Amino acid sequence: MEMDGFETLRRLDEQEPPAVAGRRWLAWRLRFAERRSSVDMAASSERTLISPLMLRRPLVRVLYWVIFLLLLLATATTFGPLYWMVSGALKSNVEIFQTPPTFWPAHPQWSNYSNAWRILQLPLYLGNSLILAAGAVVLQLLVSATAAYALSRLRLWGRSVIQFAFFATLMVPSVVYLIPQFVNISNLPLIHVSLINTWAGVWLPEAANAFNILVLKSFFDTIPSELIDAARLDGASSWQVFTRIVLPLSRPALAVITIFTVIASWKDFLWPLLVLSNSNLQPLLVALYHESSLNANLPFSYLMAGLVFASIPPIVLFLLFQRQIIRGVNLTGLKG
């Protein structure tokens, strides 16, 4: 099928101007690449760890169900903290710290959720968390995608050295960067502007992520070089190749990077705690921490209810995009 298509295009090329023939060939290759990637993803989704033929063996079947039950039990234990948080928000302070603890509240106080929503000003802090996550996604996609494209497709001098030095930062714990980042944010080099108590101070360190760049570069390397060469023969610049060919074909990888960035920004606590001292700019997790220390008389169940509200968006995001997240796990099987 593919050879017949190339033969047809070759005959058309002999009859039409090079520019028209080049555009037709590029459009055909784009359609073929998208169709091939969709077929490959569909085939990979049907693969299983154990084939149906092996499951017919009694020993393999027994081991399969034993492992399945063990994994099911381990998964059920992860719901313990979540259940304790949801049920604890319905208890009184006395019942929360009661020994032995109660499995379910003796007198559920459903008003704790509405009171926590109002007293803790959760709409304000949830909005701040959404703004911080949206800004992190925009900067992350802009910086990571362009950097990955430069490392993957542009012929840069010393590209291997730059790539090694950049990816070596993955071996350094993120806590090590706190002091240098805080010094830079307090007084940006060259322009001497302070970003303390601004959302930009939280966004700027999150603009570049070596892991996301590595994932996108690995995905960009799988794009057929024929598409890039055909676009360049047709007169496309590097930016046009990036925006019209590479990005449309990389939507699965970009979706995974977006999900990872939103989750990382939502659960980030230490850096916003250091940068944002203005309560009107703080995300939800930082605000709950300050509320627990400033309002000592605040019922503990209200803080538990606030944590429940903070946990809902990541859970919903995972349920809606679990296929993309699993695909992202597959994408991390990077090639050298």
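These notes cover the structure that comes with them. Every value quoted in this text rests on a predicted model; they were computed, and no experiment measured them. (Residues numbered from 1 in each chain as written. Predicted model: local features only at pLDDT ≥ 70, side-chain atom pairs only at ≥ 80, totals over all residues. Heavy atoms only, no water.)

Considerations on empty space enclosed by the protein
Rolling a probe over the atoms, with the probe sized like a water molecule, indicates the empty space that remains. What counts here: In this analysis, the protein atoms alone were mapped onto a 1 Å grid. Cavities are point sets where a 1.4 Å probe fits without being able to get out; pockets are open sets with protein on both sides within 12 Å along at least five of seven lines; lining residues have an atom within 4 Å of a point. Grid points are joined across faces, edges and corners, and a volume is the space filled by probe spheres set on the points. Secondary structure elements are defined from DSSP: runs of H or I of at least 4 residues count as helices, runs of E of at least 2 residues count as strands, and each element is numbered from the N terminus. Residue classes follow a fixed rule: Ala, Val, Leu, Ile, Met, Phe, Trp, Tyr, Cys and Pro count as nonpolar, while Asp, Glu, Lys and Arg count as charged, and any other residue, Gly among them, counts as polar.
Under the defined criterion, the tally for this structure stands at one cavity of 30 Å³ or more. Estimates place the volume of the largest cavity at around 50 Å³. Every element with two or more residues in the lining of the largest cavity is listed here: α7 (122–153) and α14 (251–267). Per-class residue counts for the lining of the largest cavity are five nonpolar, two polar and two charged.

A closer look at helix α17 (residues 300–320)
Heads up, the rule is: For a helix, the expected span equals 1.5 Å multiplied by the residue count minus one. Bend is computed residue by residue as the angle between axes fitted to the seven residues ending at the residue and the seven residues starting at it. Burial classification: accessible surface area is computed with a 1.4 Å probe over protein chains only, and a residue below 20% of its type maximum counts as buried, one above 50% as exposed, and the rest as partly exposed.
With 21 residues, α17 ought to run about 30 Å at 1.5 Å a step, and its terminal C-alpha atoms sit 31 Å apart, in line with that. In α17, a bend of some 25° at I312 exceeds every other bend along the element, and P313, a proline, comes one to four places later. Inspection of α17 places S301, Y302, L303, M304, A305, G306, V308, F309, A310 and L317 among the buried residues, and these make up the whole buried set.

Considerations on the side chain of S250
Stated precisely, the cut-off is as follows: Throughout, a contact is declared for two residues whenever any of their heavy atoms are within 4.5 Å.
Mapped onto the elements, S250 comes out in the loop between α13 (238–249) and α14. Given the relative accessible area of 0%, S250 is considered buried. Each residue touching S250, except ones within four places of it in the same chain, is listed here: F219, F220 and I223.

A look at the packing of aromatic side chains
The geometry of an aromatic ring pair is captured by two quantities: the separation of the ring centres and the angle between the planes. Put simply, the test is: Centre distance within 6.5 Å is the pairing criterion for rings of Phe, Tyr and Trp, where only the six-membered ring of Trp is used; planes under 30 degrees apart are then read as stacked, over 60 as edge-to-face, and the remainder as tilted.
Considering all chains together, one arrives at eleven aromatic pairs under this definition. Between F269 and Y289, the ring centres sit 5.6 Å apart and the planes meet at 80°, which makes this aromatic pair edge-to-face. A residue pair is termed long-range when its members are at least 10 positions apart, and F269 in the loop between α14 and α15 (270–275) and Y289 in helix α16 (residues 284–294) qualify at 20 residues. With a relative accessible area of 28%, F269 lands in the partly exposed category. Residue class for Y289 comes out partly exposed when judged on its relative accessible area of 42%.

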